[in-house]
Amino acid sequence: MNTFAQLEELEDLSGTKVTYYTVRFEGREHNELEDFIVRHQADAKIQDEFADLLRWIQRIGNRTGAQPRYFRHEGKAAALPPAAGLLEIKYTENLRLYCLPVSEGLVVLFNGGVKTKTARTADDCPVVRPYFKQAQRLAQAIDGCIRQKDIIPDLEKRKLIFEPDFTVEI
């Protein structure tokens with residue numbers, strides 16, 4: 001069964017260095033980033049990690065750009081937050097947000113969850129595995145659309161150029 005999603009620019013989140021995008025699956029009320037936020041913003045166990053993750057998104061968007069060292073590279077997709085050496089707080093619950101850094105000025109944010117402490121990898125974790133797998137499929141599909149020129153990254157303007165009714169098929 002094929003699944004279709006549309007790219008959405010996150011104008012309120014985008015900064016001076018990075019334009020952020022996300023995807024909305026057909027028939028869904030929330031886009032993937034909204035779903036992530038709704039599920040995690042009120043969770044007291046990860047309050048500090050959630051706030052730190054949002055600070056990373058803002059820092060990358062406004063100060064540093066999407067440099068590779070700020071992401072955990074996990075296959076075709078990547079994850080935020082970066083590795084422990086760059087973190088401001090100690091992540092005890094392992095909150096992950098999956099994404100696709102297209103360039104230093106373009107990032108597509110997907111969804112994520114809290115990786116269980118007993119899981120060695122995202123693929124081993126029953127909580128984040130669905131988001132990890134979905135991010136891998138989305139990243140591969142978007143990358144394929146870029147190679148086929150259905151999506152054109154305008155690096156100078158930090159925009160993804162695509163037809164208004166364009167959908168990504170995964």
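Our subject is the structure that appears above.
Reference entry: report on the structure contained in this document. The residue numbering used here restarts from 1 in each chain and proceeds along that chain's sequence as written. It should be noted that, the model being predicted, local features are given only for residues of pLDDT at least 70 and side-chain atom pairs only at 80 or more, the latter also being counted only at that level, while totals for whole chains, interfaces and linings use all residues. The side-chain numbers reported here are obtained from all heavy atoms of the structure, hydrogens and water having been left aside.

1. A short note on the sheet that holds strand β9 (residues 168–169)
Alright, step 1. Strand order across the open sheet formed by 7 strands is β3-β4-β5-β6-β2-β1-β9, with mixed pairing between neighbours. In this open sheet, the two strands that pair with only one neighbour each are β3 (72–74) and β9.
Alright, step 2. Here strand β1 (residues 4–9) runs beside strand β2 (residues 19–25); their pairing, made up of 5 bridges, is antiparallel. Across the sheet, Glu-8 pairs through a bridge with Thr-22, a residue of β2.
Alright, step 3. Any two residues having at least one pair of non-hydrogen atoms within 4.5 Å are treated as being in contact. To obtain an axis, a line is fitted to C-alpha atoms, over the contacting stretch when the element is a helix, and the angle between two such axes runs from 0 to 180 degrees between their N-to-C directions. Here a helix means four or more residues in a row that DSSP labels H or I, a strand means two or more in a row labelled E, and each is numbered from the N terminus. Here helix α1 (residues 32–40) sits on the sheet in contact with β2, β5 (95–103) and β6 (106–114), set at roughly 35° to β6.
Alright, step 4. Packing of helix α3 (residues 129–147) onto the sheet brings it into contact with β1, β2, β3, β4 (77–80), β5, β6 and β9, and relative to β6 it is tilted by some 165°. Pairing between strands is defined by DSSP: at least two bridges between the two strands are required.

2. What to know about the pattern of salt bridges
Opposite charge on two side chains permits pairing when their charged atoms draw close.
Alright, step 1. We define a salt bridge as a contact between a side-chain nitrogen of Lys or Arg and a carboxyl oxygen of Asp or Glu at a distance within 4 Å. If you walk through the whole model with that rule in mind, you get 9 salt bridges.
Alright, step 2. Glu-9 is paired through a salt bridge with Lys-159; the nearest N and O atoms lie 2.7 Å apart. Taken together, the residues Glu-9 in strand β1 and Lys-159 in strand β8 (residues 159–161) connect sequence positions 150 residues apart.
Alright, step 3. By relative accessible area, Lys-159 is classed as partly exposed at 30%.
Alright, step 4. Across the pair Arg-24 and Glu-34 runs a salt bridge, and its minimum N-O distance is 3.8 Å. A simple rule labels every residue: compare its accessible area, found with a 1.4 Å probe on the protein chains alone, to the largest value its type can have, and call it buried under 20%, exposed over 50%, or partly exposed in between.

3. Quick notes on the nonpolar core
Alright, step 1. One finds Leu-7, Val-23, Tyr-98, Val-108, Phe-110, Ile-142 and Ile-151 to be the most contacted residues of the largest nonpolar core, which totals 30 residues.
Alright, step 2. When residues of this core are traced back to their parent elements, those giving at least two are β1, β2, β4, β5, β6 and α3.
Alright, step 3. Apart from residues no more than four positions distant in its own chain, Leu-7 is found in contact with Thr-22, Val-23, Val-108, Ile-142, Ile-151, Leu-160, Phe-162 and Val-168. Think of a nonpolar core as a cluster: buried Ala, Val, Leu, Ile, Met, Phe, Trp, Tyr and Cys residues, connected wherever their side-chain atoms sit within 4.5 Å.

4. A word on the side chain of Thr-64
Alright, step 1. Within the element layout of this structure, Thr-64 appears in helix α2 (residues 47–64).
Alright, step 2. For Thr-64, the residues in contact, after removing those within four places along its chain, are Lys-17, Arg-59 and Tyr-70.

5. Considerations on the pairing of β6
Residues in a regular strand project their side chains so that they alternate between the two faces of the sheet.
Alright, step 1. Extensive coverage of β6 is indicated by the burial of 9 of its 9 residues.
Alright, step 2. Relative to β6, β2 is paired through 3 bridges, and the arrangement is parallel. By the bridge assignment for β6, Tyr-20 is matched with Val-107.
Alright, step 3. Two elements, β5 and β6, share 7 bridges in a ladder whose sense is antiparallel. The residue of β6 that forms the bridge with Arg-96 is Gly-113.

6. Re the packing of aromatic side chains
By convention here, two paired aromatic rings are described through the distance between centres and the angle between planes.
Alright, step 1. Here a Phe, Tyr or Trp ring, Trp counted by its six-membered ring, pairs with any other such ring whose centre lies within 6.5 Å, and the pair is stacked when the planes are under 30 degrees apart, edge-to-face when over 60, and tilted otherwise. Under the counting rule described, the total for this entry stands at 4 aromatic pairs.
Alright, step 2. Look at Trp-56 and Tyr-70: their rings are 5.4 Å apart centre to centre, the planes differ by 45°, and that puts the pair in the tilted class. Taken as a pair, Trp-56 in helix α2 and Tyr-70 in the loop between α2 and β3 lie far apart in primary sequence, 14 residues in all.
Alright, step 3. Given the relative accessible area of 8%, Tyr-70 is considered buried.
Alright, step 4. For the ring pair Tyr-98 and Phe-132, a centre distance of 5.8 Å and an interplane angle of 65° mean the geometry is edge-to-face. You can see Tyr-98 sitting in strand β5 and its partner Phe-132 sitting in helix α3, a full 34 residues away along the chain.
Alright, step 5. By relative accessible area, Phe-132 is classed as buried at 13%.
Alright, step 6. By definition here, charges over rings are those cases where NZ of Lys or CZ of Arg is within 6 Å of the ring centre and within 35 degrees of the ring normal. A cation over a ring is seen here: Arg-59 above Trp-56, with NZ or CZ 4.3 Å from the ring centre.

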